[in-house]
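# Coordinate analysis (summary)
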Amino acid sequence: MKYVILRAITAVRKRLSRNIFTFLAISLSAATLAALLGITASSAAQTAARFSQLESSDIGVSMGDSAWSLSENEIRNKIEALDNVEAVGTLNLPQDSSTVVDVRSSQWGTHLSASVGVVTAAGLAARGAKVVSGVTFAENPLADEDLYTVMLGARLAKELGISMTQGKPLVTVRGVELAVIGIVQDSSTQSVLSTAVLLSPETALRLKMRPTSQSLLVRVKKNTAEAVGSVLARVLNPSNPGDVGVKLPSSPTKLRDSLIADSQSLTFITAGIVTVVSAFSIANTMQVAVVERRKEIGIDMALGLDGRSVAAQFLFESTLLGFAGSLVGMLCGAVIVAGTAMAGGWPFVLPVYTLWIPVFGLVVGALAGAFPAARAAKVNPAELLRSA
Amino acid sequence: MATNEAGAAPESPVVSARSAVAENEAGAVPIVAVEALTKTFPPTTHALTDVSFEILLGQSVAIIGKSGSGKSTLLSILGLLETPTSGTYRFAGTDTQGLPSRRLTAFRRDSIGYIFQAYNLVEYLTVRENVLHALDIKGIRGEQAERIAEEKIARVGLEERRDAYPQTLSGGEQQRTAIARAIAGAPQLLLCNEPTGNLDERTAASILDLLLSMVSPTNAVVIVTHDSSVAAACQRRLVMSDGVLTEQISGSDSGIDDGTDEESA
């Protein structure tokens, strides 16, 4: 065995110029494989991180019309007493009310269609919306003037030509003049409030635009939505929790897992193709080697080497090529993954099973070399005497 | 020119193949004894027909004949690289018929050496490595192998070229390397296939001298050749024609019609 191994190593070493391209092809394949596995894993981690950022922790709660008669503070106190609740407030989003009105700037005469949201200052805060100028309903400076007040989404205000530097800007909605007290920018991940007319529940009631059900937004800590959501209805209406609707945020975990699985499937298909190409490359090289070295094989057999040893030598050569090529390729692939991760700002992740690539290369080398090795063992040394 | 150290009795210049076998029955066990040997390559090529002869240790034997006369096939059978279709071949007293390939390989490894017309050295191994390679196959390694390799390389006069690769050697040097490789395992039977066929006259003569100097009481040298001068230098000559052993000639004699053609030069 030792002789066979030494002979194979010598043959690979001494025939380096003939083996180098196969070695490079295997290395390239292994590097591609390692890079694909590593980049897939790294990008999966990045994808997961991004999905995690997108993951909402907002719970929607809807209560019947009678809830409007309750104090918002009373409702908030009940909910905020629960663990993991960060903020609560009334937020009837425009898409929920489906009410669209014509909004006209009293000053400029410009007008646009806009949807209507019914919100409180607490609701805006829970949503993460920012008052970019003016004040919220809670700080309404005109409360004593018995005026109808309104807040406008930032984009709507801009298109109407309204800003809070214009003194007391007014808009007309359904024939009623409303004082604009603030301009709102929706939260960083959403935009619906930025194009809406936002009314306080009181103003909405006066304009007969208050929704029949009251919606609340409950913002909770990450990964606690399900736990909080499960007790909300009972807390808000202990006698009849079924009257309280609780809408948990949709989880992107399944989508994320599906995307990652798709990506991994693609990687494994590519890896399979790369492996087959490498195997053919090794098989081809060994076939050529057998043809080129028929004389050498014949001499060895004439000198007393048996067919099994000849086959073992060629088998070991192909195995050595597969192992060494894939080892170097794996290391190169790891460097590529590190570089790509560094450039993309991803975490560097190299799956542990990447370390199996050289072993895999060894097995592929052995399988690819099996047929040429069997052919080598069948060389008839008598041909040497006939030809030379 | 080397002499026969076996001290075989003088023979008449021409004897029949059958009588040669009978003559040797009284002596030592021959290293090679073939009787009624035939070899047929399907479908109808009769390479050898009813060939019988013996070779004793200490003899140098030339096998001569025209191209296609069956010389190389006979050498392949003597070297246990091919098996006869019928007849018997006893190597060192052992009937080789029906022996498993493992045993035949062992005979080749331990008792037979080959020298080819085209040298057939391993091109990526040096002179020394080629000899070591043969020893390695025979299971001789380490210091012992190194010592034997040095000794055999010195025997063929290539001490200065021991680390040279075959492609940098002259034809004569390559054949000397092949001889060193062939004798590394101290074979009982040294088979040479046209060993001087690729060499100029002067180099051929020196190679022939070297080969015949290898003959000793412990071995025999068989040379397949077209060259009548090479054949004449051997103690015995087996003349082949159309697969039949037509004559066995003993003693040095260059004036015999050996059936070779002019292309053999």
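Residues numbered from 1 in each chain as written. Chains lettered and ligands numbered in written order. Predicted model: local features only at pLDDT ≥ 70, side-chain atom pairs only at ≥ 80, totals over all residues. Heavy atoms only, no water.

## A word on the interface of chain B and chain A
Convention followed: Any pair of residues with heavy atoms lying within 4.5 Å of one another is described as a contacting pair. A 1.4 Å probe defines the accessible area here, and the buried area is the portion of it lost by two parts on being joined, summed over both. Salt-bridge detection follows one rule: a side-chain nitrogen of Lys or Arg within 4 Å of a carboxyl oxygen of Asp or Glu.
Contact with chain B, which involves 29 residues of that partner, is made by 25 residues of chain A. With both chains or domains summed, chain B and chain A bury close to 2,300 Å², and 61% of this area falls on carbon and sulfur atoms. By the criterion of area lost to chain A, the three top residues of chain B are Asn120, Tyr124 and Ile137 of chain B, representing 28% of everything that side buries. Put simply, chain B and chain A have 0 salt bridges between them.

## Some details on helix 7 (residues 201-213) of chain B
In an α-helix, one turn spans 3.6 residues; hence positions three or four apart end up facing the same way. All names here are of chain B. For clarity, the threshold we go by: Per the convention used, a helix needs a DSSP run of H or I reaching at least four residues, while a strand needs a run of E reaching at least two, with both numbered from the N terminus. In this analysis, the expected span of each helix is defined as 1.5 Å times one less than the number of residues it contains. Relative accessibility under 20% of the residue-type maximum defines a buried residue, over 50% an exposed one, and the middle range a partly exposed one, all with a 1.4 Å probe and only protein chains included. Polar contacts, as counted here, are pairs of nitrogen or oxygen atoms within 3.5 Å of one another; within protein the pair requires one atom able to donate a hydrogen and one able to accept it, and residues that are adjacent in sequence qualify only if both atoms are side-chain atoms.
Taking 1.5 Å as the rise per residue, helix 7 with 13 residues should run 18 Å; its terminal C-alpha atoms sit 18 Å apart, in good agreement. The set of residues buried in helix 7 consists of Ala204, Ile207, Leu208, Leu210, Leu211 and Leu212. The residue sitting at the N-terminus of helix 7 and contributing the capping side-chain oxygen is Asp200; that oxygen lies 3.1 Å from the backbone nitrogen of Arg202.

## Observations regarding the pairing of strand 6 (residues 149-153) of chain A
Residues in a regular strand project their side chains so that they alternate between the two faces of the sheet. All names here are of chain A. To be explicit about the condition: DSSP bridges decide pairing: two strands pair if at least two such bridges lie between them.
The element strand 6 is largely enclosed, with a buried count of 5 among its 5 residues. Note that strand 6 and strand 8 (residues 176-185) share 5 bridges and pair parallel. Bridge pairing links Met151 to Gly182 in strand 8. Direction of pairing for strand 6 relative to strand 9 (residues 197-199): antiparallel, over a ladder of 2 bridges. Note on strand 9: the bridge partner recorded for Met151 is Leu198.

## Thoughts on a nonpolar patch on the surface
Residue and element names in this part refer to chain A. Counted only if it meets this: To count toward a patch, a residue needs a relative accessible area above 30% and no salt bridge. Like charges then connect within 9 Å, nonpolar side chains (Val, Leu, Ile, Met, Phe, Trp, Tyr) within 5 Å. All accessible areas in this document rest on Shrake-Rupley with a 1.4 Å probe, and a residue is counted as covered only by the protein chains that are shown.
Nonpolar side chains collect at one region of the surface, where Phe268, Phe323, Leu327, Leu331, Tyr353, Trp356, Val359, Leu362, Val363 and Leu367 lie side by side and expose about 940 Å² of accessible area between them. Elements supplying a minimum of two residues to the nonpolar patch: helix 11 (307-344) and helix 12 (357-377). No other element matches the 4 residues that helix 12 contributes to the nonpolar patch. By the element assignment, Val363 lies in helix 12.

## Topic: the pattern of salt bridges
Per the counting criterion, the structure on display carries 13 salt bridges over all chains. Put simply, Glu80 of chain A and Arg76 of chain A hold a salt bridge, and the shortest N to O gap is 3.6 Å. Taken as a pair, Glu80 of chain A and Arg76 of chain A lie in helix 3 (residues 72-80) at a separation of 4 residues, close to a single helical turn. The class of Arg76 of chain A is partly exposed, set by a relative accessible area of 22%. A salt bridge links Arg109 of chain B to Asp110 of chain B; the shortest N-O distance between them is 3.3 Å. Several salt bridges share partner residues, and in doing so they unite Arg293, Glu296 and Glu317 of chain A into one network.

## Re the sheet that holds strand 5 (residues 86-91) of chain B
Residue and element names in this part refer to chain B. Strand order in this open sheet of 4 strands is 3-2-5-6, and the pairing throughout is antiparallel. Sheet topology places strand 3 (45-55) and strand 6 (94-95) at the edges, where each strand pairs with a single neighbour. Taken together, the 5 bridges between strand 2 (residues 32-41) and strand 5 define a ladder with antiparallel strand orientation. Looking at strand 5, one finds that Val32 is bridged to Phe91.

## Notes on the confidence of the model for chain B
All names here are of chain B. For the record, the criterion: Each residue carries a pLDDT value, the predictor's own confidence for that position, ranging from 0 to 100.
Residue-level pLDDT values for chain B average 83, and 84% of them are 70 or greater. The low-confidence segment residues 1-26 (pLDDT under 50) makes 41 contacts with residues lying over four places distant or belonging to another chain. The low-confidence segment residues 254-265, where pLDDT is below 50, has 20 contacts with residues more than four positions distant or belonging to other chains. The complex model carries a pTM of 0.60, and its ipTM stands at 0.78.

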